[in-house]
Amino acid sequence: MDEITPDLSVLQEEQTEPVDNLEEDQAEDEAPDEEELKEELDRAFKQLIELAEREDEDLRFPLLRGWKRNDLYMNNIQTIFFDEIARDYRTLDSIMNEMDGNGNSSDIKTVNYYKAYAESIIAALSVQAPNTQFMPDDAEDPEDVETSKAYSKIEELVSKHNNAGLMLIKALTLLYNCGVIFAHNYYREDPNYGTTREPKTTAQVPKSYADLRCKQCGVVVDSGVPMETQPEASTIDCPECGYQGPPDLIVRIEHEDEVTEWADTPKGRSHFDIYGPTYVKAPLYARNQGNMGYLILRLEEHIAKLRTIYPEEELTQGGGDNVRYERWSRLPIQYKGTAPKELTTIRYCWFRPWYYANLEEDLIQLVSNKYPKGVMVAIVGDQIVEARHANIDDEWTASFDPKANFLHAEPAGNAVIPIQDAKNDLFNLGLQSIEYGIPETFVHPKTLNLDNYAKSGATPGMMTQALPPGPDKTLSDGFYTVKAATLSNEYTTFDRNLDQTGQFVSGAMPSIWGGATKVSGDSTASEAAQSRSQSLQRLQLIWESVSVFWSSMMFKCVKDYAQHLRSDDKFTKSENGTFINVWINKSSLQGKVGHVEPELTGSLPQSWAQKKDFVMKLIEMQNPEVGAILLHPNNSELVKRATGMNDLYVPGENDRNKQYQEYYLLSKSQPVSETEGSIPIDIDVDDHMVHMQVLKNILVSAQGIALYIENPSGYQNCILHYRQHQMATQAMTMAPNSGTGVNEPPPSATDTNQG
């Protein structure tokens, strides 16, 4: 075997080392610099934003004018026209002021039917937020079922945090004025929501543990006993040899993680905001949300706020939207086309991955590698201030109108605009006819001296000098009265027809808002109810669209909350006359929720006025079976709220509330023994029949079934409490001195005026 010469080995070493260094240098040269990478990404983002802004630009301007007009009509600014020179709406009063040198306004009156129709529809649809059903991925998987139930609790919490009732009114208003609505859901952490203590740093700390051995036989009696809990004179009882006395201690050291510093972490909440198309730009060709390649949200913010959010960016004051028309459509009407210099427009732009194909080839690969599932870019003026991974469908929900071919549907308010204009014209015509209904009289100057007549006061028997206008004329020939204009019968007929037409095209029929109907003369209550039901049937189209939109939005909010939940959370609510804690356990979120469905029952939710009428009709029936239902302990709260008399006492109410409070205590405790519950009954005071009814109804409900599965001892505690009431009832029935007959149950508080 040939030996390697020293010179050759040295030469090989010298050649190998420079080659490796050369490859590293080449890799460093090929690796893009962070600053260069950011510049390339910013260039790609600006191209995407510019392309999205140019799409449908000319077609969007007329739509913005229409949406702005509807907003003005809603705010009772209706005598308007669009000035192409000023690029803004102007009122007829302002034009009349400019033409009249004296500055006298025409003072055109308006009666806001547009807003009245809108409020009637919104009030009928916003009685309560649409209910959502979270369906488990597998109905036979207990974890999936449990997660679906936990999602329902989270939905209730999210609704409380976002004032869901008010947000529903806002959504319906935007839908009436604009025809399409968008919801943005996001998760935000804030110390104002509360804080949780979490470990910040840990350290390895030695801990002493001991194994206890018998001195006689050497059997390990106990192991892993912390030394700090082991008393000096401790003794053991050996199960093998019966030895009693001090043990042999075998001490060992174990290192464990111990928290050395705690941090207060702010709690978070899942939020959602509702926007109209004046704030959100989406492609007009999109048939549904899946066809949107981009979405742009524009917001006017104070420059100081944006500088606080993005302190590393040098934002210039006065920067804003590059399209004045867009900004004009969003500003409050009080600004009248102008805006404070401190306001700045920030654009949040979401893009789908397939929209990257509009870029240059090298930029497509760059953006796709960095943001493969989508991106959100924030830009102020021409400066990119933020970019992050984002998916449009995870953060946005767009409404869908099945009557429209595309995402942007025709606003319902557009149909009311002609009716509103005609009503204004007709109202002003009638008002002018009444104002000028007093006739004007002309006087011949020879007949009456008007200056002297004006100076004299009117007194009984007053005599005034007057002459005929000529020798062959009478005194009456010196006066001429013009015939005054009078309203024709066609005015009243046309006004009535306009009301009926407006109700028909808007869907706000009189039975919805309590107005007079055709059947209101000698009609019965059932006929009036049928008329209202038929009127609401048309609004069912809007209600179903809103329900689907609302359920999809809430599903995303609830998932967002569940993903960010770090520990068990709770919220309080009033139920059955007492306050309870509703827990959201993190362990209940281990399953999967397949999909979400709105609870579409084919009818709109009933208002409290409708529920009150229904309850009063049941009371008027004077049916014993119906009366027993109304007087059931579980319906006492419903009866009180339906009658509007919260101070009304329903027999058995106190016993009902007491048993509900006892249930919450029983479910969290364990029985004292096998035959005795943790809370004793009061034999002399409790109405045992009412207590048994309430407790049995709870235990057979979904709440009781969950208690049986999750906390069997708490369930058994409730059963023992129920048996105590049952035995007390039997004892009172068999008592010889009781006021009841043989085998006759004692009177209950629901049948007497006691309890």
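Quick caveat, the model's predicted, so the values are computed rather than measured.

## A look at the sheet that holds strand β4 (residues 182-189)
Working definition: the strands of a sheet are paired by backbone hydrogen bonds and lie parallel or antiparallel to each other.
(1) Moving on: In space, the three strands of this open sheet follow the order β10-β4-β16, with antiparallel pairing throughout. The strands lining the two open edges of the sheet, one partner per strand, are β10 (268-275) and β16 (396-398). Averaged over neighbouring strand pairs, the angle between their axes works out to 20° when direction is ignored.
(2) Moving on: Relative to β16, β4 runs antiparallel, the two sharing three bridges. Across the sheet, His-184 pairs through a bridge with Trp-396, a residue of β16.

## Regarding the sheet that holds strand β14 (residues 375-380)
(1) Moving on: Strand order in the open sheet formed by five strands is β11-β12-β13-β14-β15, with antiparallel pairing between adjacent strands. With partners counted over all chains shown, the strands left at the sheet margins are β11 (280-281) and β15 (383-389), one partner each.
(2) Moving on: Pairing analysis gives six bridges linking strand β13 (residues 343-351) to β14, with the strands arranged antiparallel. Paired with Trp-350 across the strands is Met-376, a residue of β14.

## What about the layout of surface pockets?
(1) Moving on: Counted as a void, the second largest pocket has a volume near 980 Å³.
(2) Moving on: In terms of lining, the second largest pocket is formed by 32 residues, of which the most central are His-184, Asn-185, Tyr-186, Arg-388 and Glu-395.
(3) Moving on: Its residues assigned to classes, the lining of the second largest pocket shows twelve nonpolar, seven polar and 13 charged.

## Some words on the pattern of salt bridges
(1) Moving on: Taken as a whole, this structure holds 23 salt bridges when the rule is applied.
(2) Moving on: Put simply, Glu-189 and Arg-566 hold a salt bridge, and the shortest N to O gap is 3.0 Å. One end of the pair, Glu-189, is in strand β4; the other, Arg-566, is in the loop between α16 (525-564) and β19 (569-575), and 377 residues separate them in sequence.
(3) Moving on: Accessibility expressed as a relative area gives 41% for Glu-189, which makes it partly exposed.
(4) Moving on: Owing to a relative accessible area of 35%, Arg-566 belongs among the partly exposed residues under this scheme.
(5) Moving on: Salt bridges linked by common partners bring Glu-53, Arg-60, Arg-298, Glu-326 and Arg-347 together as one network.

## Describing the packing of helix α3 (residues 57-74) against helix α12 (residues 417-435)
(1) Moving on: Put simply, α3 and α12 touch, their axes get as near as 12 Å, and they point 45° apart. When the axis of α3 is compared with that of α12, the two are oblique. You can see that α3 and α12 cross each other, and the crossing is left-handed. Residues Arg-69, Asn-70 and Tyr-73 of α3 touch α12, and the partners they reach there are Ile-417, Gln-420 and Asp-421.
(2) Moving on: Looking at the contact of α3 with α12, its residues break down into two nonpolar, two polar and two charged.

## Points about the nonpolar core
(1) Moving on: Core analysis: the biggest nonpolar cluster contains 80 residues, and Tyr-151, Ile-154, Phe-272, Ile-274, Trp-550, Met-553 and Tyr-663 have the highest contact counts within it.
(2) Moving on: Broken down by element, this core gets its largest block of residues, 13 residues, from α16.
(3) Moving on: Contact partners of Met-553, with chain neighbours within four places excluded, come to Ala-183, Phe-272, Ile-274 and Thr-397.
(4) Moving on: In this structure, Met-292, Leu-315, Ile-392 and Leu-407 belong to the second largest nonpolar core, which totals 26 residues.

## Quick word on α3
(1) Moving on: With 18 residues, α3 extends 26 Å from end C-alpha to end C-alpha; this agrees with the ideal 26 Å at 1.5 Å per step.
(2) Moving on: Listed as buried for α3 are Arg-60, Phe-61, Leu-64, Gly-66, Trp-67, Lys-68, Asn-70, Leu-72, Tyr-73 and Met-74.
(3) Moving on: Once α3 ends, the next one or two residues include Asn-76, with phi positive near 65°.

## Some thoughts on the pairing of strand β12 (residues 294-302)
(1) Moving on: For β12, the tally of buried residues reaches eight of nine residues, placing the bulk of the element in the interior.
(2) Moving on: Where β11 meets β12, two bridges bridge the pair, whose relative direction is antiparallel. The residue bridging Val-280 from the neighbouring strand is Leu-297, located in β12.
(3) Moving on: In this sheet, β13 lies alongside β12 in antiparallel orientation, the contact comprising nine bridges. In the sheet register, Arg-298 faces β13, and the bridge partner there is Arg-347.

## Things to note about the environment of Gln-465
(1) Moving on: Among the secondary structure elements, Gln-465 is positioned in the loop between α13 (450-455) and β18 (479-481).
(2) Moving on: Of the residues examined, Gln-465 reaches a relative accessible area of 75% and is grouped as exposed.
(3) Moving on: Between the C-alpha atoms of Gln-465 and Thr-447, which are 18 residues apart in sequence, the distance is 8.6 Å.
(4) Moving on: Ignoring sequence-local partners within four residues, the contact set of Gln-465 consists of Thr-447 and Leu-448.

## Some words on the confidence of the model for the chain
(1) Moving on: Confidence along the chain averages 81 in pLDDT terms, with 82% of residues attaining 70 or more.
(2) Moving on: Across residues 1-20, where pLDDT falls below 50, the model places two contacts with residues more than four positions away in sequence or in other chains.
(3) Moving on: Note that residues 738-743 has pLDDT below 50 and, in this model, eight contacts with residues that lie over four places away or in other chains.

## Focus on the packing of helix α5 (residues 113-125) against helix α14 (residues 489-506)
(1) Moving on: Interaxial distance between α5 and α14 falls to 11 Å at its minimum, and their mutual angle equals 45°. The orientation of α5 with respect to α14, classified from their angle, is oblique. When the axes of α5 and α14 are compared, the crossing they make is right-handed. Between α5 and α14, the contacting residues are Tyr-113, Tyr-117 and Ile-121 on the first element and Asp-499, Gly-502, Gln-503 and Ser-506 on the second.
(2) Moving on: Class assignment of the residues belonging to the contact of α5 with α14 gives a composition of three nonpolar, three polar and one charged.

## Describing helix α6 (residues 142-161)
(1) Moving on: With 20 residues, α6 extends 29 Å between its outermost C-alpha atoms, agreeing within 8% with the 28 Å of an ideal straight helix rising 1.5 Å per residue.
(2) Moving on: Every buried residue belonging to α6 is among Asp-144, Thr-147, Ser-148, Ala-150, Tyr-151, Ile-154, Glu-155, Leu-157 and Val-158, and all of these are buried.
(3) Moving on: Residue Asp-141 occupies the N-cap position of α6, its side-chain oxygen lying 3.1 Å from the main-chain nitrogen of Glu-143.
(4) Moving on: At the exit of α6 stands Asn-163, carrying a positive phi of roughly 50°.

Criteria and cut-off values
- Residues numbered from 1 in each chain as written.
- Predicted model: local features only at pLDDT ≥ 70, side-chain atom pairs only at ≥ 80, totals over all residues.
- Heavy atoms only, no water.
- Pairing = 2+ DSSP bridges.
- Helix = DSSP H or I, 4+ residues; strand = E, 2+ residues; numbered from the N terminus.
- Axes fitted to C-alpha atoms, helices over the stretch in contact; angles between N-to-C directions.
- 1 Å grid on protein atoms, 1.4 Å probe; cavity = no way out; pocket = protein on both sides within 12 Å on 5 of 7 lines; lining within 4 Å.
- Points joined across faces, edges and corners; volume = space filled by probe spheres on them.
- Nonpolar A, V, L, I, M, F, W, Y, C, P; charged D, E, K, R; others polar.
- Salt bridge = Lys/Arg side-chain N within 4 Å of Asp/Glu carboxyl O.
- Buried < 20%, exposed > 50% of the residue type's maximum accessible area, 1.4 Å probe, protein only.
- Parallel < 35°, antiparallel > 145°, perpendicular 65-115°, else oblique.
- Left-handed = near helix turned anticlockwise from the far one by under 90°.
- Contact = heavy atoms within 4.5 Å.
- Core = buried A, V, L, I, M, F, W, Y, C linked by side-chain atoms within 4.5 Å.
- Expected span 1.5 Å × (residues − 1).
- pLDDT = per-residue confidence, 0-100.
- Polar contact = N/O pair within 3.5 Å; in protein donor to acceptor, adjacent residues only side chain to side chain.

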